[in-house]
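This is what each chain is made of:
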Amino acid sequence: MADSPALELRGITKRFGALVANNSVDFELKRGEIHALLGENGAGKSTLMNVLYGLHQPDEGQILLDGEPVTIDSPRRAIGLGIGMVHQHFMLVPVMTVAENLVLGAEPRSGLLLDYKGAANRVRELSQQFGLAVDPDAKVEDIGVGTQQRVEILRALFRGAKVLVLDEPTAVLTPQEAQDLFVVLRRLTEQGTSVVFISHKLNEVLDIADRVTVLRRGEKIDTVSTEGATERSLAGLMVGREVLLRVEKPEQTLGEPLLTLEGVSAEDDRGLPAVNDVSLEVRAGEIVGLAGVDANGQSELIEAIMGLRAPTAGTITVDGKDVTHCGPRDTLAAGVSHIAEDRHRRGLVLEFDLAENLCLREYKTPAFSTRGFLSPSKMVTRARKLLKEFDVRGGEPETRAGSLSGGNQQKVVIARELTADPKVIIAAQPTRGLDVGAIEFVHRRLVEERDRGKAVLLVSLELEEVRSLSDRVLVIYEGRIVTELPPESSEEDFGVYMTGGGRDERAA
Amino acid sequence: MTPKRVGWAAVALGILAFFVAVPPLTVRSPIVVIVLAALAMAAGSYAVTAGEKRIGWGGIVAGLVGLVGGYAATQSGVANLERVVVWGALGAATLRYATPLIFGAVGGLFSERSGVVNIALEGMMLMGAFFGAWGADMTGSWILGLVIAVVAGSAFAAIHALFAISFRADQIVSGTALNLLAVGITGYLYVQVYGDLGTPDDLPSVPNVSLPIDWLPLFGDVFGDLNLLVWLALAAVLVTWIVVFRTPTGLRLRSAGENPLAAETAGLNVVRTRYYAVMASGGLAALGGAFLSIGFLHTFTQNMTAGRGFIALAALIFGRWKPGLALAATLLFGFGSALASRLPVFSPSGAVLFQALPYVLTLIAVTGLIGRSVPPLALGRPLPRS
Amino acid sequence: MSALPDDELPPNMTVASRAAVYLRSGGFVAPLITVLVAFLAGGLVVLATGHNPIETYQAIFKGTGFNWVFPWLSEDDRTIAALALQQTLITTTPLILTGLAVAFAFRCGLFNIGGQGQYIVGSILAVWVGSSFDGMPALLHIVVAILAGILSGAAWAGIAGLLKAVTGTNEVITTIMLNWIAIWVGVWLFGLGGPLQNDDPTRVDVPVSNDVLAGAKLPVFWGDAQLQGLHIGIFIALAALVVFWVLLNRTTLGYEVRAVGFSPDAAEASGINVRRNYILVMAICGAFAGLGGALDVMGWQFRIATNDIPANQLAFFGIAVALLGRNTAIGTLLGALLFAGLINGTSTRNLDPSVFEPQLATNLTYMIQGLVVLLISTDVLVVYLLRLRRRRRTQAVAA
């Protein structure tokens, strides 16, 4: 009993329709250990933990806590068994206070009423005990993400968590906040808590974890100790092939600047500054990469360029034409193509067929309509040609876009955006969720466009992609361009700037 | 003086502009009204320019209303005015007209705070109106009538819950369906049970509560002889406020409406919470309907709620999903109705237009001109399936 | 995290894509089953309250006049059936139009509950124009009155569209409010002492409008004009169906509307002005509903009585029509025929009271209508069928 692991998962299989998210995965967590769960996006890490937390029911397999088999059919049950989870997207109620959020589900009462003072005091006690500073009376919508995360952790501890699962906890944190978090996690393990740390970042896994279990495409690849492991060895396990896809790039011939941003600022949906005084230039015949950690203003910057979000300051010019205050239509017309970051949301109308999707940019031109009346036959003819040219498989012009695979959907987006013969291409996360074949296709097309003298702005969270495709790389952090680096720079150099480290160095 | 205070002063001046022109003051000079209203609008404009948009616009609107109402009063005969503006009677009538709306709005609050849109209030109210009457008639007891009304309303609301929560239906569509269904069910049963004769004249009705406060000026007239259900409605507001904002149950209810996933991960059963909330909603709305049939009109007629469920919904939105503000909205709408019922003295047709007032006010309120009504974040969103 | 297909119907799906899923998976079968289930449930109610459901439905069917198409009918029966069918088709006319008013909005991702208000406003303007301007040439008078109905309906609905576009206000709330405002304005206009109450000295106590002048009445082409024969409005409604289909499927406007309906974000990103679409679509919906109101007052009502204004449920039937018809042109036509038949089959005029009381039957209609909308609101049946098919497919793959 004493030497049985705190938690053990045996042969967990979880299917979603035809997709196997977890295939007979084993996982073991020792008491007081920090165990990292490592894998690419879509490798099945979150699914596995949602199974553990009772949000999904496994199709096969067994969960053992302290050696005892248990069934976890709801988060309530998981909490009762001492499992706490900090989700990637925080599960807090924005309009309520920290104390209210913390006690939700296990509220202290005085008579029939909620004992709010008691709750607030409990928060203060806990926050002192674990060294996690929070203000119990602050509203969650008013506090920063780092503090919100502390609230989540405190909530798990308040509910008596012995096993704490953190899903990509550093994705939203600054490096300093991440370091603070690591200190907290170490202190927790000293007090007997066991931690599962989900991540796809190699360096931090090596930094914080005792052991690492690597998942790839829903299967467990291996469990190794971080002692003696290197980033390269872990990367090999994670990706399953030698990393660093080298993209063949011919010599570049630079031309005029086609996209110029000067001092552009923009706010996010909550009205907080998201893009700060960004100036950049993309010239004909080059791919400029924008590297950065998620949610550092990339989305808002793209939206500002595309006319989807009004900039609060600065100017944006496309080939000499000022498009700062243009809406999406005029920006597109000025010669910008947009491979949207979320193709399901912005890239495609999933319920439209491919012919309709392929002329989203041009349905109003004489090629497809006359006096407001559409010519479906012309749309279909053109679609047939494009689908062939861009090798979209399993798709006829009449096929619904939503029924295609991710890779083929992206090919449709790219077909539409590239045939518009743009001057500037904004490629946002162009390979997200695609398989290797599709990734290579996308990369090849982007390089071809560069060679044809287009200006390409590549925004990606995958540093490897940015480094291998770009001619030069800008690093964005908290809405600012903090530096420009040649793509050959080391991953560590990038890492420093992407996490705000470079700023301190420069200041010093 | 802060701009906010100026804004409140503007609202007060606007009300005063109307008040001076009617009994007991009955100032006959339009100048006074115009000056007061102008002051109100000036103060309101100042507050708006100083950044206090919401209260400032409120002041301007109050000034405008005061100007129109007060000016109209100065132009009409004193005798007429004194027949219409009897504050005690107006107050009692306001409460009477507001009661079904209060029950409806408070009921809607439970449902919508838990994240389920409830445009089926109208239908739930209608069910309460019929089953209250039928139950009272069958059992010979108004108490059992109310109980049967509440049960019927909750059961009917459970259908909404079943479709909106479990089947993840479009909540607007299923709410619309329930309104139609209620018309059909109550109409069918009414014709089947009572035929052409209508409900019997000796229908047991909810008694009035007589308080020995006749000697109190104004208060005695307003509160001295109110129906029990009026008091229950006012109590329901207080209880609702306590339950929703001061108890663990309320915390869970609101979390289900703001971020159901968060509630779920905190170990709560969002589905169950929402079921209870929607059913409570049906029971409360049904009480409002029962007030109409066995508290106020002492009969049931087909489709007798006549849009009151929608006014209740409007009051809820107008009151920003808060019990106190929603009560204020229902009283405002009730006052409009009370005034309208007395206005035919002046113009029989013009009084009808007053009936449109709640809808116009709500239309203005939801557009965000006078501050925006922010609904619960997850309102109308089914829980993601896992 | 990743976009796992954990549900056929993601929670934030627009109404338009939801309907598309239903249409794809259920086709004509699901609405058919829905209607059958609703009728079955109605039959149970009839049975439970001590009547014979089969005889009742037979009598209702006879009341619809649809039996007119049966070749074996005797000459006398056919004459009666013709009268009933004329009534049914008179009701079909506004139902098609209020159905389209809902369907077109749905296709743009909007829920137009305001058909009632738009219908009322259209009928008010049409009755005003139709009862004024004595001496105007007949054809011109008809055209102007119809246009007045169309434009006023469009303007009324346009308010909701404008508010949605400018301030983002939910159109459900605004259209409900606009309904009631229209109702009370109508009651005020034609009520006692109201500005548009009739100026006939013998009817001073009657809260009703002036009569539509002879020149503005729509010609009757089937049956007796004195006995409420079928007016030509039905052809205008059928034309509106064609307009709806062409507009939606063959014009750039319809392309934009569908894109916005399925995915406002993708539409905006590809340069479509989403706000403009909201305004335009609501206005077009209002035009359909307003036309419905105009045709009714010019085709057979000829006047508006204040009592009839709040009692008119046609626009709510329009919701059922559009949903049952899956927001398609042909579906709307069939849905309108079904409900028009039901309304007339259960009316005092057409239902044989010795079999079933018409007052009961009218409420039976409301119940069936409510059930249809309720069942369609989720399409339990469709989702079930969808699952069944998917399971079968996966099994086939596995085998």
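Just so we're clear, the structure is a prediction, and the values are computed from it rather than from any experiment. (Residues numbered from 1 in each chain as written. Chains lettered and ligands numbered in written order. Predicted model: local features only at pLDDT ≥ 70, side-chain atom pairs only at ≥ 80, totals over all residues.)

## Topic: the overall build of chain C
Scanning chain C from N- to C-terminus turns up 16 helices and 2 strands. For 399 residues, the compact-globule estimate of 2.2 N^0.38 gives 21 Å, and the C-alpha radius of gyration of chain C, at 22 Å, lies within 12% of that figure. The dimensions of chain C, computed from C-alpha atoms along their principal axes, are 80 × 55 × 35 Å. Buried residues in chain C amount to 60% of all 399 residues. Contacts in chain C between residues at least 24 apart in sequence constitute 74% of all its contacts with a sequence separation of at least 6. (Helix = DSSP H or I, 4+ residues; strand = E, 2+ residues; numbered from the N terminus. Rg over C-alpha atoms; globule rule 2.2 N^0.38 Å. Buried ≥ 20, exposed ≤ 12 C-beta atoms within 10 Å, placed from the backbone. Contact = placed C-beta atoms within 7 Å.)

## With respect to the overall build of chain B
Counting secondary structure elements, chain B contains 17 helices and 2 strands. The globule rule puts the C-alpha radius of gyration for 386 residues at 21 Å, and the 22 Å found for chain B is close to it. With respect to the three principal axes, the spread of C-alpha positions in chain B is 65 × 55 × 40 Å. Counting only residues that meet the buried cut, chain B has 56% of its 386 residues in that class. Expressed as a percentage of contacts within chain B between residues at least 6 apart in sequence, the contacts between residues at least 24 apart total 75%.

## Section: the pairing of strand β4 (residues 60–65) of chain A
Residue and element names in this part refer to chain A. As paired elements, strand β1 (residues 7–16) and β4 share 5 bridges and run antiparallel to each other. Bridge pairing in β4 places Glu-8 opposite Leu-64. Two successive antiparallel strands, β4 and strand β5 (residues 68–70), enclose a turn made up of 2 residues, where Asp-66 displays a positive phi of approximately 50°. (Pairing = 2+ DSSP bridges.)

## As for unusual backbone geometry
Positive phi, normally seen in glycine, also occurs at Thr26(B), with a value near 45°. In this structure Thr26(B) comes out as partly exposed when scored by C-beta crowding, with 14 C-beta atoms within 10 Å. Of note, Phe133(C) is a non-glycine position whose phi angle comes to about 55°, a positive value. Within the secondary structure, Phe133(C) sits in the loop between α5 (115–131) and α6 (138–167).

## Structural notes on the interface of chain C and chain A
Each partner contributes to the interface: chain C provides 23 residues, whereas chain A provides 34 residues. Going through the elements one at a time, α1 (15–26), α9 (252–262) and α10 (264–269) of chain C are the ones with two or more residues in the side of chain C that touches chain A. Among the elements that take part in the side of chain C that touches chain A, α9(C) stands out by supplying 5 residues, more than any other. Among the residues making up the side of chain C that touches chain A, the classes are represented as 11 nonpolar, 8 polar and 4 charged. (Nonpolar A, V, L, I, M, F, W, Y, C, P; charged D, E, K, R; others polar.)

## A closer look at the nonpolar core
As a rule of thumb, nonpolar side chains are buried together in soluble globular proteins. Residues Val165(A), Ile426(A), Leu458(A), Val475(A), Ala315(B) and Phe288(C) are the most contacted members of the largest nonpolar core, which totals 394 residues. The contact partners of Ile426(A), leaving out residues within four places of it in the chain, are Ile302(A), Ile305(A), Met306(A), Val336(A), Ser337(A), His338(A), Ile339(A) and Leu457(A). (Core = buried A, V, L, I, M, F, W, Y, C linked by C-beta atoms within 7 Å.)

## Describing the packing of helix α17 (residues 357–366) of chain B against helix α7 (residues 171–190) of chain C
Axis separation between α17(B) and α7(C) bottoms out at 9 Å; the angle between their running directions is 155°. Comparing the axis directions of α17(B) and α7(C) gives the class roughly antiparallel. Read as a crossing pair, α17(B) and α7(C) show a hand that is left-handed. Of the residues in α7(C), those in contact with Tyr359(B), Val360(B), Thr362(B), Leu363(B) and Val366(B) of α17(B) are Ile173(C), Thr174(C), Met177(C), Trp180(C) and Ile181(C). (Axes fitted to C-alpha atoms, helices over the stretch in contact; angles between N-to-C directions. Parallel < 35°, antiparallel > 145°, perpendicular 65-115°, else oblique. Left-handed = near helix turned anticlockwise from the far one by under 90°.)

## Remarks on helix α15 (residues 358–378) of chain C
The end-to-end C-alpha distance of α15(C) is 31 Å, a good match for the 30 Å that 21 residues give at a rise of 1.5 Å each. With 21 of 21 residues buried, α15(C) is to be regarded as a mostly interior element. (Expected span 1.5 Å × (residues − 1).)

## Details of the interface of chain B and chain C
Contacts between the two partners involve 44 residues from chain B, matched on the other side by 48 residues from chain C. Secondary-structure elements contributing two or more residues to the side of chain B that touches chain C are α8 (171–194), α14 (308–318), α16 (350–353) and α17 of chain B. Per element, the largest residue contribution to the side of chain B that touches chain C is 15 residues, and it comes from α8(B).

## Some words on the sheet that holds strand β21 (residues 424–428) of chain A
Residues and elements named next belong to chain A. Reading across from one edge, β18-β21-β22-β15-β23-β24 is the order of the 6 strands in this open sheet, with mixed pairing throughout. A single partner strand is all that each edge strand has here, and the edge strands are β18 (336–339) and β24 (480–485). If you compare each strand with its neighbour and ignore which way they point, the axes differ by 20° on average. Where strand β15 (residues 286–291) and strand β23 (residues 472–477) come together, 4 bridges link them in parallel fashion. When the bridges of β23 are listed, Gly-289 appears paired with Val-473. Taken strand by strand, helix α9 (residues 298–306) contacts β15, β18, β21, β22 (455–460) and β23, and its axis lies near 150° from that of β21.

## Details of the environment of Gly88(B)
With respect to the secondary-structure elements, Gly88(B) resides in helix α5 (residues 87–113). Along the chain, Gly88(B) and Val35(B) lie 53 residues apart, while their C-alpha atoms are 28 Å from each other.

## So, the domain arrangement of chain B
Assigned domains within chain B: domain 1 (3–83) and domain 2 (87–366). Between domain 1 of chain B and domain 2 of chain B, the C-alpha centre-to-centre distance is 32 Å. (Domains from an automatic or database assignment.)

## Regarding the sheet that holds strand β13 (residues 257–267) of chain A
Residue and element names in this part refer to chain A. Pairing is antiparallel across the open sheet formed by 4 strands, whose spatial order is β14-β13-β16-β17. For this open sheet the edge positions go to β14 (273–283) and β17 (321–322), each flanked by a neighbour on one side alone. In terms of strand pairing, β13 meets strand β16 (residues 313–318) through 5 bridges, oriented antiparallel. Across the sheet, the residue bridging to Thr-260 is Thr-317, located in β16.

## So, the environment of Glu281(A)
Residues and elements named next belong to chain A. You can see Glu-281 is positioned in strand β14. Judged by C-beta crowding, with 14 C-beta atoms within 10 Å, Glu-281 ranks as partly exposed. Setting aside its immediate chain neighbours within four residues, Glu-281 contacts Pro-257 and Thr-260.

## What about the pairing of strand β12 (residues 219–225) of chain A?
When strand β11 (residues 211–216) of chain A meets β12(A), the two strands line up antiparallel, connected through 6 bridges. By the bridge assignment for β12(A), Val214(A) is matched with Asp222(A).

## Digging into helix α10 (residues 228–246) of chain B
In this model, α10(B) (19 residues) spans 26 Å end to end at C-alpha, consistent with the 27 Å of a helix rising 1.5 Å per residue. Taken together, the buried residues of α10(B) touch α5, β2 (225–227), α11 (248–258), α13 (270–296) and α15 (323–342) of chain B.

## Here's the deal with the packing of α10(B) against α11(B)
Residue and element names in this part refer to chain B. The contact between α10 and α11 brings their axes to 5 Å, and the two run at 75°. Relative to α11, the element α10 is oriented roughly perpendicular. The segment α10 lies against α11, with Val-243, Val-244, Phe-245 and Arg-246 engaging Thr-249, Gly-250, Leu-253 and Arg-254. Among the residues making up the contact of α10 with α11, the classes are represented as 4 nonpolar, 2 polar and 2 charged.

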